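# A look at the structure
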Amino acid sequence: MKNFAFLIASLLLLCPRSAKAQVTCNPVFPCTDDNVSIYFNANEGNQGLATTDSIFMHAGVLTNLSTSPSDWKYVVCNWNSTDTAFRMWPLGGGIHAKRYNIRAFHNIPQGETVLKLAFVFRTKTGTLVGKTVDNGDIFYDLGCTGTLQTLMIEPKVAILSKTIGSTISFKGLSSENASLTLKDNNTIITTLNNTLTLDYNIPVTAGLNHTVQFIANNGSSNVIKTFTYLVPNATVSRDAPSGTQLGANINAAGTSITLMLQAPHKNNVFVLGSFNDWQLDTAYQMYKTLDGKSWWKTISVTPGTVYTYQYVVDGIEGVIKVADPLSTLVLDPGADRFIPASVYPNMPAYPTTKTTGHVSVLEPGKTPYNWRVPNFQRPLKQDLIIYELLVRDFVARHDYQTLIDSINYLKSLKINAIELMPIQEFDGNESWGYNPNFHNAVDKYYGTADKLKEFIDVCHQNGIAVIIDVVFNHTWGSSPLTKLYWDAPNNRPAANSPWLNPVATHPYNVGYDFNHESEYTRNYMFRCLKNWLNEFKIDGYRFDLSKGFTQVNSGTDASGVGAWGRYDQSRVNIWNRIYDSVQAFNAGAYVILEHLGDNDEERTMANRGMMTWGNMWSAYKQFTMSWSDNRLAGVSAQGRLGWTMPHLVGYMESHDEQRNMFENITYGNSLQTPAYDIKDLQTALRRVELAEAFFYTVPGPKMLWQFGELGYDYDINYNQRVGNKPIRWDYLTDYRRKRLYDVTRNIIHLRTSNQQVFREGNYNAADLDNEYIKHFHVSHANMNLTVIGNGGTIATDITPYFQNTGTWYNYLTGETLNVASTTTPIRLLPGEYRIYTSVRQPVPPAGYVPFTVGDEKIVELLNDFQVYPNPSVANNATYVGYSLKQSADIQWFVLNNIGQVVYQSVAERRTAGSHQESIAKQLAAGTYMIRLKVNGETVTQKWVVQ
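Predicted model only: the values in this text are computed from it and were never measured.

### Quick notes on the packing of helix 8 (residues 519–536) against helix 10 (residues 569–585)
Relative to each other, helix 8 and helix 10 sit at 35°, their axes nearing to 10 Å. Two packed elements cross with a definite hand, and for helix 8 against helix 10 that hand is right-handed. Of the residues in helix 10, those in contact with R522, M525, F526, L529, K530, L533 and N534 of helix 8 are R577, I578, S581, V582 and F585. Its residues assigned to classes, the contact of helix 8 with helix 10 comprises seven nonpolar, two polar and three charged.

Dropping the structure here:
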């Protein structure tokens, strides 16, 4: 009889335009070794591919070894592959077909049991996808088990709601002739005997909850499949209890929760979750608020129990099933399985057999985090030295615990703020985080909410503020805000979306653009902002793509960039409103904008109290490479027209720019003086030092991008732009890079230990616009500062223009300079710089102090000479490192404090480049000198053994 079933299926599938299921198969009940024809109906499900005829199949299988529905096996087609072997054949009417042999196509080994075929359909680039109605993966059961099998073709969803007087179209198949019966709440409504198919319109004659059973009986086997539907009660309009906020509200005792979803123009909303065994039930139908904008429901719960839930919205024409947009924790069946327990221990279990898609999590009565620093005193805005950090590419375990363990590294760098790139729940795991879907939830890939709180607490204990990068310009397709109001035929947000524009109003948009004029967007955004400030005690925000917060339409292509960047009063009004709200939530919280727009607009925002990003990457990289167009004045607020408030966060590089060190070693100037090649690693690192001397000494907030202090030099497009980058903590063992770290931290220390000088001192930012040969001054009653540097590639005399005569101090060496004339030139070698203070500062720790050479011939030959670590611990390994411009005879000596040689290396010929040698002799604690002889000339470095 099975062949007859195949004939029936063939008749159905040879007329695919009439097929209603999203995926159908011929044969209907396939075996692993069968040749199958797969038919995909792009007009069903999420309809994401309804407007294209070029569709590719992404296919795998679920087997007895799969651990979850997301654990696909034997996926043979890469996501971005354009191989025609994976292309579907368009048959018209939205139907697309593909024929293949299951075992051969997937290369399935013998002995493994295949349970389901698994599909996602896509365009060539993968930007558009065909999934289920709730954006889940598509599965098709295999039926070749030798037993009676059934298939429900319709209805297409497991849960749906209807109205009395309507009907539900049911289509069912059996693998062999059987008695086929439909029961509605255990009442038989139809039976057909000795048949393969059952096609019936189920009348909806009664309200409330219904369970429909499809029963097949062949005399020896009885197979039952079910689906549920309900008839909603009439919507009751009633305002929520006073003080109820959007999202989940847990009462103080943890015995009840009040859920509130903002979703205007909807007909009904139900709560579906672990508290009702994931069954659609009128007892969990939500009330509508009197203003018609929101839905709410209070549910009794048990303190200490973990609950999961979703909303089912407007199931009259088709179910919309979403997690709570304001979830603080969500489960993702696709991404979560790749998060190890070491990063997120005891992750709540996903209700695999109960639902699909993102699921919200609540734990009423959970013990709150015990803050050690409940009232952190934030650094003033103008004092900020911010370290921008991407957790994934900073520590290999990509978790907050390892960040906590790394706090001493960050603290010793002397920074006073950390800016975390987006940590709110985003699509997938491997991401920069600018593809958010739940702005109020902690992304689990980096750890638990409590670990994040502990990291923030530890930062505060160490005097470090925490700023988080947030993305409210847009959201992603998996966001509930996107799903709730979706225009499937046009594959974009619906015109009546309360939050999102159908088409972005500005260029360079990604994802789906928020309408920031909408009260619904404000309600959602402000609820998130308040939660992060109050629940996590963060110190402020960096807002991504803040220039996009406008409804003034400048188009979506590059031709609109000019119009988009012009002064926009409506955008200023939006940002004033956001800033005022943040201050109302938590006075003094930072608001930093990645605006990069009109000077007058940014100045207006700065005057209001906001800070804006000051992108000076181009000028600083030109300076480090020793090319023209290296005017640096714009790194200071004073260097921008009309600015009076020091609210410009200047930076030399950020996550969006190519690394300065990569630019140096790739494009650095080596034309004027062959012996001075900026592409050389050591020279390139010294050029970064030079830039830092004219960066951190400039008053106003500053930012550095992670590992810039070690000269990180990987191409931004390594492993694609947003792909994982190598984590090179081993750079610390390279004396040349360790020197840069030490220079960086000590110049920053000069800033943070003299905050009044840099906060109140007078300076002229225009001095930074001198090409190549630069001098810069900060003048204050407590101390004067003069910085000079040679950005060229040949030795040059520089007039320092000291503010006063008398004794000055070279900050990095402690050496004194008696100044009789403020304009007496000082000769600087290419790339050399000096930071002079009029008041002696504590000499920074040894180990990076620039060596002094009496004979310039040695300078021309020797790029660098270091002892590392310095100071070192007795009996621990210590190294002599040096870099040669050309081959030379080398020998080095260790002398005690009375000049006796206590150890010496073998005299050898060394090639050009960098060399590192170990001091093998164990020496007692004390002060020593390391003398390096290069072709008979010597240079000496002090070495302290502790």
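### Overview of the side chain of K453
Looking at the secondary structure, you find K453 in helix 6 (residues 449–461). For K453, a relative accessible area of 7% translates into the label buried. If we ignore the near neighbours within four places in the chain, the residues touching K453 are Y369, W371, E535 and F536.

### Notes on the sheet that holds strand 1 (residues 23–26)
The four strands are arranged 1-2-5-4 in an open sheet whose pairing can be described as antiparallel. At either margin of the open sheet sits one strand with a lone partner, and together these are strand 1 and strand 4 (89–92). Each strand axis lies, on average, 30° off the axis of its neighbour in the sheet, ignoring direction. As paired strands, strand 1 and strand 2 (residues 35–41) are joined by four bridges and run antiparallel to one another.

### A look at the sheet that holds strand 45 (residues 833–837)
Strand order in the open sheet formed by six strands is 38-39-40-45-42-43, and the pairing between neighbours is antiparallel. Either end of the sheet is taken by a strand with one partner, and the two such strands are strand 38 (762–763) and strand 43 (816–819). As defined by bridge partners, strand 39 (residues 773–779) adjoins strand 40 (residues 784–790) across seven bridges and the pair is classed as antiparallel. Looking at strand 40, one finds that S779 is bridged to N784.

### Considerations on unusual backbone geometry
Glycine aside, a negative phi is what most residues show, and trans is what most peptide bonds show. Following N26, the chain continues into P27 via a peptide bond in cis, with omega recorded as 5°. With respect to the helices and strands, the residue P27 is situated in the loop between strand 1 and strand 2. Note the cis peptide between Y868 and P869, where omega equals -10°. You can see P869 is positioned in the loop between strand 46 (862–868) and strand 47 (879–884).

### A word on the packing of helix 12 (residues 617–625) against helix 14 (residues 681–693)
The interhelical angle for the contact between helix 12 and helix 14, taken along N-to-C directions, is 130°, at an axis separation of 9 Å. Between helix 12 and helix 14, the crossing angle belongs to the class labelled oblique. Of the two elements, helix 12 crosses helix 14, and the hand of that crossing is right-handed. Across the interface between the two elements, Y620, F623 and T624 from helix 12 touch R687, V688, L690 and A691 from helix 14. For the contact of helix 12 with helix 14, the residue count by class is five nonpolar, one polar and one charged.

### Concerning the packing of aromatic side chains
Following the criterion strictly, the structure yields 44 aromatic pairs and no others. Measuring from centroid to centroid gives 5.1 Å for Y712 and Y714, while their planes differ by 40°, and the two rings are tilted. Grouping residues by exposure puts Y712 and Y714 together as buried. Ring-pair connections join several aromatic residues into one group, and the members of that group are Y387, F394, Y409, F707, Y712, Y714, Y718, W729, Y731 and Y741. Positioned above the aromatic ring of Y485 is the side chain of K266, whose terminal nitrogen or guanidinium carbon lies 4.3 Å from the ring centre. Stacked on the ring of W613, the Lys or Arg R542 has its end atom at 4.1 Å from the ring centre.

Rules and cut-offs
- Residues numbered from 1 in each chain as written.
- Predicted model: local features only at pLDDT ≥ 70, side-chain atom pairs only at ≥ 80, totals over all residues.
- Heavy atoms only, no water.
- Axes fitted to C-alpha atoms, helices over the stretch in contact; angles between N-to-C directions.
- Helix = DSSP H or I, 4+ residues; strand = E, 2+ residues; numbered from the N terminus.
- Left-handed = near helix turned anticlockwise from the far one by under 90°.
- Contact = heavy atoms within 4.5 Å.
- Nonpolar A, V, L, I, M, F, W, Y, C, P; charged D, E, K, R; others polar.
- Buried < 20%, exposed > 50% of the residue type's maximum accessible area, 1.4 Å probe, protein only.
- Pairing = 2+ DSSP bridges.
- Parallel < 35°, antiparallel > 145°, perpendicular 65-115°, else oblique.
- Phe/Tyr/Trp six-rings, centres within 6.5 Å; stacked < 30°, edge-to-face > 60°.
- Lys NZ or Arg CZ within 6 Å of the ring centre and 35° of its normal.

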